[in-house]
Amino acid sequence: MATGRALAAGGHHVVLSDISPDRGEVTARDIGGLFITADVTREADVANLVSTTREKLGRLDVMVCNAGIIGPGGRITDIEDVDWSNAIAVLLNSVFYGMKHAARAMQAAGRGGVLLATTSIAAHRTVGGHAYNAAKHGLTGLIRSVATDLSPDGIRVNGVAPGHTLTPMSMQVYRDTDAARTRLSQLNALGKVIEPEDIAAAFAFLASDAARYITGQEIVVDGGWLECMNRPAIFDR
Ligand SMILES: NC(=O)c1ccc[n+]([C@@H]2O[C@H](COP(=O)([O-])OP(=O)(O)OC[C@H]3O[C@@H](n4cnc5c(N)ncnc54)[C@H](O)[C@@H]3O)[C@@H](O)[C@H]2O)c1
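Procedures and definitions
Residues numbered from 1 in each chain as written. Predicted model: local features only at pLDDT ≥ 70, side-chain atom pairs only at ≥ 80, totals over all residues. Heavy atoms only, no water. Pairing = 2+ DSSP bridges. Helix = DSSP H or I, 4+ residues; strand = E, 2+ residues; numbered from the N terminus. Right-handed = clockwise from strand over helix to strand, strands pointing away. Core = buried A, V, L, I, M, F, W, Y, C linked by side-chain atoms within 4.5 Å. Buried < 20%, exposed > 50% of the residue type's maximum accessible area, 1.4 Å probe, protein only. Contact = heavy atoms within 4.5 Å. Polar contact = N/O pair within 3.5 Å; in protein donor to acceptor, adjacent residues only side chain to side chain. Axes fitted to C-alpha atoms, helices over the stretch in contact; angles between N-to-C directions. Parallel < 35°, antiparallel > 145°, perpendicular 65-115°, else oblique. Left-handed = near helix turned anticlockwise from the far one by under 90°. Nonpolar A, V, L, I, M, F, W, Y, C, P; charged D, E, K, R; others polar. Expected span 1.5 Å × (residues − 1). Bend = angle between axes of the 7 residues up to and from the residue.

Engineer: Can you explain the pairing of strand β1 (residues 15-18)? Please cite residues and give values.
Structural biologist: Two elements, β1 and strand β2 (residues 34-37), share four bridges in a ladder whose sense is parallel. Counted as the bridge partner of Val 15 is Leu 34 from β2. Where the polypeptide runs from β1 across helix α2 (residues 25-30) and back to β2, its parallel neighbour, the crossover connection is right-handed.

Engineer: With reference to specific residues and values, describe the nonpolar core.
Structural biologist: Met 63, Met 99, Leu 115, Leu 150 and Val 157 are the most contacted members of the largest nonpolar core, which totals 21 residues. Of all the elements in the fold, those that place two or more residues in this core are α3 (43-57), β3 (62-65), α4 (81-109), β4 (113-118), α5 (130-150) and β5 (155-162). By residue number, the principal contributor to this core is α4, which donates seven residues. Not counting residues up to four positions away in its chain, the partners in contact with Val 157 are Met 99, Leu 115, Ile 143, Val 146, Ala 147, Leu 150, Thr 215, Gly 216 and Gln 217.

Engineer: Outline the side chain of Thr 119, listing residues and values.
Structural biologist: Of note, Thr 119 is situated in the loop between β4 and α5. A distance of 2.5 Å separates polar atoms of two side chains, one belonging to Thr 119 and the other to Glu 218. For Thr 119, the contacting residues outside a window of four places in its chain are Lys 136, Leu 139, Ile 143, Val 160, Ala 161, Pro 162 and Glu 218.

Engineer: Which residues make up the packing of α3 against α4, and what values go with them?
Structural biologist: Where α3 contacts α4, the axes come no closer than 9 Å and their chain directions differ by 30 degrees. Compared by their axis directions, α3 and α4 come out roughly parallel. Seen from above, α3 lies across α4 with right-handed handedness. Counting all contacts with α3, which are made through Glu 43, Val 46, Ala 47, Val 50 and Arg 54, the residues of α4 involved are Tyr 97, Gly 98, Lys 100, His 101, Ala 102, Ala 105 and Ala 108. Per-class residue counts for the contact of α3 with α4 are seven nonpolar, two polar and three charged.

Engineer: Quick rundown of the sheet that holds β4? Include the residues and the values.
Structural biologist: In spatial order, the strands read β3-β4-β5-β6; together these four strands make up an open sheet with parallel pairing. What marks the edges here is a single partner per strand, and that holds for β3 and β6 (218-221). Between one strand axis and the next, the sheet turns through 15 degrees on average, direction left out of account. Packing against the sheet, α4 makes contact with β3, β4 and β5, and its axis sits at approximately 170 degrees to β4.

Engineer: Run through α4, naming residues and quoting values.
Structural biologist: Residues spaced three or four apart along an α-helix face the same direction, because each turn holds 3.6 residues. Compared with an ideal rise of 1.5 Å per residue, which puts 29 residues at 42 Å, α4 spans 40 Å between its outermost C-alpha atoms and is within 8% of the ideal. Along its length, α4 reaches its greatest deviation from straightness, about 45 degrees, at Ala 89. Positive backbone phi, approximately 70 degrees, marks Gly 110, located one or two places after α4.

Below, the structure is given as C-alpha coordinates:
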(Lines give C-alpha, C1' and ligand atoms only; values in the text may rest on other atoms or scores of the structure.)
Protein backbone atom coordinates (compact mmCIF):
# COMPACT_ATOMS: atom_id res chain seq x y z
CA MET A 1 0.00 0.00 0.00
CA ALA A 2 2.87 2.38 0.84
CA THR A 3 4.40 1.70 -2.58
CA GLY A 4 1.04 2.49 -4.23
CA ARG A 5 0.96 5.80 -2.36
CA ALA A 6 4.56 6.62 -3.35
CA LEU A 7 3.91 5.84 -7.02
CA ALA A 8 0.71 7.89 -7.00
CA ALA A 9 2.62 10.79 -5.42
CA GLY A 10 5.08 10.49 -8.34
CA GLY A 11 2.26 10.98 -10.84
CA HIS A 12 1.38 7.36 -11.69
CA HIS A 13 -2.21 6.14 -12.01
CA VAL A 14 -2.16 3.17 -9.66
CA VAL A 15 -4.05 -0.13 -9.51
CA LEU A 16 -3.71 -1.93 -6.16
CA SER A 17 -4.46 -5.62 -5.82
CA ASP A 18 -4.68 -8.12 -2.99
CA ILE A 19 -6.39 -11.41 -2.25
CA SER A 20 -8.71 -9.51 0.07
CA PRO A 21 -10.31 -6.09 -0.54
CA ASP A 22 -9.79 -5.25 3.18
CA ARG A 23 -6.13 -4.71 2.31
CA GLY A 24 -6.12 -1.99 -0.29
CA GLU A 25 -9.58 -0.86 -1.33
CA VAL A 26 -9.51 2.14 1.03
CA THR A 27 -5.95 3.10 0.04
CA ALA A 28 -6.88 2.81 -3.63
CA ARG A 29 -9.79 5.23 -3.07
CA ASP A 30 -7.53 7.62 -1.11
CA ILE A 31 -4.99 7.88 -3.93
CA GLY A 32 -7.58 8.07 -6.71
CA GLY A 33 -6.62 4.60 -7.92
CA LEU A 34 -8.42 1.33 -8.59
CA PHE A 35 -8.55 -1.89 -6.60
CA ILE A 36 -8.80 -5.32 -8.23
CA THR A 37 -9.05 -8.50 -6.16
CA ALA A 38 -6.64 -11.24 -7.27
CA ASP A 39 -5.18 -14.40 -5.84
CA VAL A 40 -1.69 -14.18 -7.29
CA THR A 41 -1.16 -17.93 -6.98
CA ARG A 42 -3.67 -18.23 -9.85
CA GLU A 43 -2.26 -17.33 -13.25
CA ALA A 44 -5.73 -16.47 -14.59
CA ASP A 45 -6.21 -13.87 -11.81
CA VAL A 46 -2.87 -12.23 -12.65
CA ALA A 47 -3.65 -12.23 -16.38
CA ASN A 48 -7.01 -10.60 -15.59
CA LEU A 49 -5.30 -8.01 -13.36
CA VAL A 50 -3.04 -6.99 -16.25
CA SER A 51 -5.76 -6.96 -18.93
CA THR A 52 -8.22 -5.05 -16.71
CA THR A 53 -5.51 -2.48 -15.92
CA ARG A 54 -4.90 -1.97 -19.64
CA GLU A 55 -8.64 -1.66 -20.31
CA LYS A 56 -9.22 0.86 -17.51
CA LEU A 57 -6.02 2.92 -17.75
CA GLY A 58 -5.02 2.35 -21.37
CA ARG A 59 -1.46 1.33 -20.52
CA LEU A 60 0.79 -0.53 -18.11
CA ASP A 61 4.22 0.95 -17.43
CA VAL A 62 5.21 -0.47 -14.03
CA MET A 63 4.35 -3.76 -12.29
CA VAL A 64 5.29 -4.32 -8.61
CA CYS A 65 4.99 -7.94 -7.40
CA ASN A 66 4.85 -7.69 -3.61
CA ALA A 67 2.49 -10.35 -2.18
CA GLY A 68 3.94 -12.46 0.58
CA ILE A 69 3.36 -14.85 3.45
CA ILE A 70 5.77 -16.16 6.07
CA GLY A 71 5.29 -19.78 5.05
CA PRO A 72 6.05 -22.85 7.15
CA GLY A 73 8.68 -22.84 9.88
CA GLY A 74 10.33 -25.87 11.41
CA ARG A 75 12.85 -28.43 10.30
CA ILE A 76 13.01 -29.72 6.72
CA THR A 77 11.99 -33.16 7.99
CA ASP A 78 8.66 -31.79 9.26
CA ILE A 79 7.44 -29.56 6.39
CA GLU A 80 4.29 -30.79 4.65
CA ASP A 81 4.20 -30.62 0.85
CA VAL A 82 1.00 -28.55 0.92
CA ASP A 83 2.63 -25.83 3.08
CA TRP A 84 5.83 -25.81 1.00
CA SER A 85 3.88 -25.60 -2.27
CA ASN A 86 1.62 -22.80 -1.03
CA ALA A 87 4.59 -20.70 0.11
CA ILE A 88 6.39 -21.16 -3.22
CA ALA A 89 3.15 -20.32 -5.06
CA VAL A 90 2.65 -17.02 -3.20
CA LEU A 91 6.28 -15.93 -3.04
CA LEU A 92 7.77 -17.15 -6.33
CA ASN A 93 5.19 -18.43 -8.84
CA SER A 94 3.19 -15.20 -8.42
CA VAL A 95 6.17 -13.16 -9.62
CA PHE A 96 6.61 -15.44 -12.64
CA TYR A 97 2.92 -14.82 -13.53
CA GLY A 98 3.21 -11.07 -12.89
CA MET A 99 6.36 -10.66 -14.98
CA LYS A 100 5.05 -12.88 -17.79
CA HIS A 101 1.73 -11.10 -18.26
CA ALA A 102 3.02 -7.57 -17.64
CA ALA A 103 5.92 -8.18 -20.08
CA ARG A 104 3.50 -9.36 -22.77
CA ALA A 105 1.49 -6.15 -22.36
CA MET A 106 4.63 -4.00 -22.37
CA GLN A 107 6.04 -5.74 -25.45
CA ALA A 108 2.74 -5.23 -27.28
CA ALA A 109 2.74 -1.51 -26.42
CA GLY A 110 6.40 -1.16 -27.47
CA ARG A 111 7.22 1.55 -24.91
CA GLY A 112 9.45 -0.52 -22.60
CA GLY A 113 8.50 -0.75 -18.95
CA VAL A 114 9.56 -1.62 -15.42
CA LEU A 115 9.03 -4.92 -13.60
CA LEU A 116 9.72 -4.89 -9.86
CA ALA A 117 9.52 -7.50 -7.11
CA THR A 118 9.91 -7.53 -3.35
CA THR A 119 12.71 -9.88 -2.41
CA SER A 120 14.19 -9.85 1.10
CA ILE A 121 17.34 -10.07 3.15
CA ALA A 122 16.26 -13.75 3.11
CA ALA A 123 17.44 -13.73 -0.53
CA HIS A 124 20.95 -13.16 0.80
CA ARG A 125 21.02 -14.88 4.23
CA THR A 126 18.82 -17.59 5.68
CA VAL A 127 16.57 -15.58 7.99
CA GLY A 128 13.16 -17.16 7.34
CA GLY A 129 11.79 -20.68 7.07
CA HIS A 130 13.17 -23.02 4.38
CA ALA A 131 10.43 -22.25 1.83
CA TYR A 132 10.67 -18.48 2.42
CA ASN A 133 14.47 -18.52 2.04
CA ALA A 134 14.30 -20.71 -1.06
CA ALA A 135 11.61 -18.57 -2.71
CA LYS A 136 13.42 -15.29 -2.01
CA HIS A 137 16.75 -16.69 -3.26
CA GLY A 138 14.80 -17.83 -6.32
CA LEU A 139 13.47 -14.31 -6.88
CA THR A 140 17.00 -12.93 -7.06
CA GLY A 141 17.73 -15.42 -9.84
CA LEU A 142 14.44 -14.68 -11.61
CA ILE A 143 15.11 -10.93 -11.58
CA ARG A 144 18.57 -11.38 -13.12
CA SER A 145 17.35 -13.90 -15.65
CA VAL A 146 14.29 -11.94 -16.79
CA ALA A 147 16.31 -8.69 -16.91
CA THR A 148 18.56 -10.37 -19.48
CA ASP A 149 15.59 -11.70 -21.42
CA LEU A 150 13.71 -8.40 -21.58
CA SER A 151 16.52 -5.87 -21.98
CA PRO A 152 16.13 -5.89 -25.81
CA ASP A 153 12.50 -4.80 -25.24
CA GLY A 154 13.61 -1.85 -23.09
CA ILE A 155 11.98 -3.47 -20.04
CA ARG A 156 13.95 -3.08 -16.80
CA VAL A 157 13.64 -5.74 -14.09
CA ASN A 158 14.74 -5.05 -10.51
CA GLY A 159 14.01 -5.91 -6.90
CA VAL A 160 13.86 -4.27 -3.51
CA ALA A 161 15.13 -6.41 -0.63
CA PRO A 162 13.64 -5.17 2.65
CA GLY A 163 15.23 -5.87 5.98
CA HIS A 164 13.17 -6.28 9.16
CA THR A 165 10.29 -3.88 8.47
CA LEU A 166 7.28 -2.93 10.59
CA THR A 167 4.31 -4.34 8.63
CA PRO A 168 1.33 -6.58 9.40
CA MET A 169 3.52 -9.55 8.41
CA SER A 170 6.16 -8.76 11.03
CA MET A 171 3.41 -8.13 13.61
CA GLN A 172 2.56 -11.85 13.33
CA VAL A 173 5.84 -12.49 15.12
CA TYR A 174 5.67 -9.88 17.93
CA ARG A 175 3.41 -9.48 20.98
CA ASP A 176 2.49 -5.85 20.27
CA THR A 177 3.70 -2.77 18.43
CA ASP A 178 6.03 -1.64 21.25
CA ALA A 179 7.72 -5.07 21.37
CA ALA A 180 7.99 -5.04 17.58
CA ARG A 181 9.53 -1.54 17.51
CA THR A 182 12.08 -2.43 20.19
CA ARG A 183 13.16 -5.64 18.46
CA LEU A 184 13.14 -4.21 14.93
CA SER A 185 15.35 -1.30 15.98
CA GLN A 186 17.82 -3.85 17.39
CA LEU A 187 17.85 -5.61 14.01
CA ASN A 188 18.95 -2.40 12.29
CA ALA A 189 22.56 -1.21 12.45
CA LEU A 190 21.29 2.38 12.35
CA GLY A 191 19.09 1.71 15.41
CA LYS A 192 15.88 2.77 13.65
CA VAL A 193 12.72 0.97 12.61
CA ILE A 194 12.26 0.45 8.86
CA GLU A 195 8.75 1.57 7.88
CA PRO A 196 6.86 0.56 4.71
CA GLU A 197 7.49 4.08 3.35
CA ASP A 198 11.26 3.37 3.39
CA ILE A 199 10.71 0.38 1.12
CA ALA A 200 8.25 2.34 -1.03
CA ALA A 201 10.87 5.05 -1.64
CA ALA A 202 13.23 2.46 -3.18
CA PHE A 203 10.44 1.17 -5.43
CA ALA A 204 9.55 4.72 -6.50
CA PHE A 205 13.19 5.36 -7.41
CA LEU A 206 13.48 2.10 -9.42
CA ALA A 207 10.20 2.91 -11.22
CA SER A 208 11.43 6.38 -12.14
CA ASP A 209 13.46 7.62 -15.06
CA ALA A 210 16.31 8.36 -12.63
CA ALA A 211 16.89 4.57 -12.63
CA ARG A 212 16.70 4.28 -16.42
CA TYR A 213 19.99 2.36 -16.74
CA ILE A 214 19.47 0.08 -13.74
CA THR A 215 18.35 -3.47 -14.52
CA GLY A 216 18.93 -6.94 -13.04
CA GLN A 217 19.66 -5.43 -9.61
CA GLU A 218 18.28 -5.42 -6.10
CA ILE A 219 18.36 -2.48 -3.70
CA VAL A 220 18.75 -3.75 -0.14
CA VAL A 221 16.88 -1.54 2.37
CA ASP A 222 17.83 -3.16 5.66
CA GLY A 223 19.41 -0.46 7.84
CA GLY A 224 22.75 -2.23 7.35
CA TRP A 225 21.57 -5.56 8.78
CA LEU A 226 23.37 -7.64 6.12
CA GLU A 227 26.65 -5.76 6.07
CA CYS A 228 27.07 -3.96 9.39
CA MET A 229 25.58 -6.09 12.18
CA ASN A 230 28.63 -8.29 12.69
CA ARG A 231 31.18 -5.60 13.46
CA PRO A 232 34.73 -6.87 13.51
CA ALA A 233 36.38 -6.28 16.91
CA ILE A 234 38.78 -3.78 15.28
CA PHE A 235 35.98 -1.15 15.36
CA ASP A 236 35.62 -1.47 19.15
CA ARG A 237 39.14 -0.31 19.92
N1 LIG B 1 7.96 -7.22 6.79
C2 LIG B 1 9.21 -7.57 6.62
O3 LIG B 1 10.05 -7.49 7.56
C4 LIG B 1 9.68 -8.05 5.26
C5 LIG B 1 11.06 -8.24 5.07
C6 LIG B 1 11.50 -8.67 3.83
C7 LIG B 1 10.61 -8.87 2.80
N8 LIG B 1 9.27 -8.70 3.00
C9 LIG B 1 8.39 -8.94 1.86
O10 LIG B 1 7.60 -7.79 1.65
C11 LIG B 1 6.42 -8.17 0.93
C12 LIG B 1 5.23 -7.52 1.58
O13 LIG B 1 5.08 -8.07 2.89
P14 LIG B 1 4.64 -7.23 4.17
O15 LIG B 1 5.69 -7.34 5.17
O16 LIG B 1 4.14 -5.87 3.73
O17 LIG B 1 3.44 -8.14 4.69
P18 LIG B 1 1.87 -7.92 4.62
O19 LIG B 1 1.30 -9.15 5.23
O20 LIG B 1 1.50 -6.60 5.16
O21 LIG B 1 1.60 -7.88 3.04
C22 LIG B 1 1.55 -9.02 2.24
C23 LIG B 1 0.27 -8.96 1.42
O24 LIG B 1 0.26 -10.07 0.51
C25 LIG B 1 -1.10 -10.45 0.39
N26 LIG B 1 -1.22 -11.82 -0.12
C27 LIG B 1 -0.87 -12.98 0.50
N28 LIG B 1 -1.19 -14.02 -0.29
C29 LIG B 1 -1.73 -13.52 -1.42
C30 LIG B 1 -2.25 -14.10 -2.61
N31 LIG B 1 -2.29 -15.43 -2.79
N32 LIG B 1 -2.76 -13.28 -3.58
C33 LIG B 1 -2.73 -11.93 -3.40
N34 LIG B 1 -2.25 -11.32 -2.30
C35 LIG B 1 -1.75 -12.11 -1.33
C36 LIG B 1 -1.66 -10.34 1.81
O37 LIG B 1 -3.08 -10.30 1.81
C38 LIG B 1 -1.00 -9.05 2.30
O39 LIG B 1 -1.82 -7.92 2.09
C40 LIG B 1 6.41 -9.70 0.95
O41 LIG B 1 6.85 -10.18 -0.30
C42 LIG B 1 7.39 -10.06 2.04
O43 LIG B 1 7.96 -11.33 1.85
C44 LIG B 1 8.79 -8.28 4.21
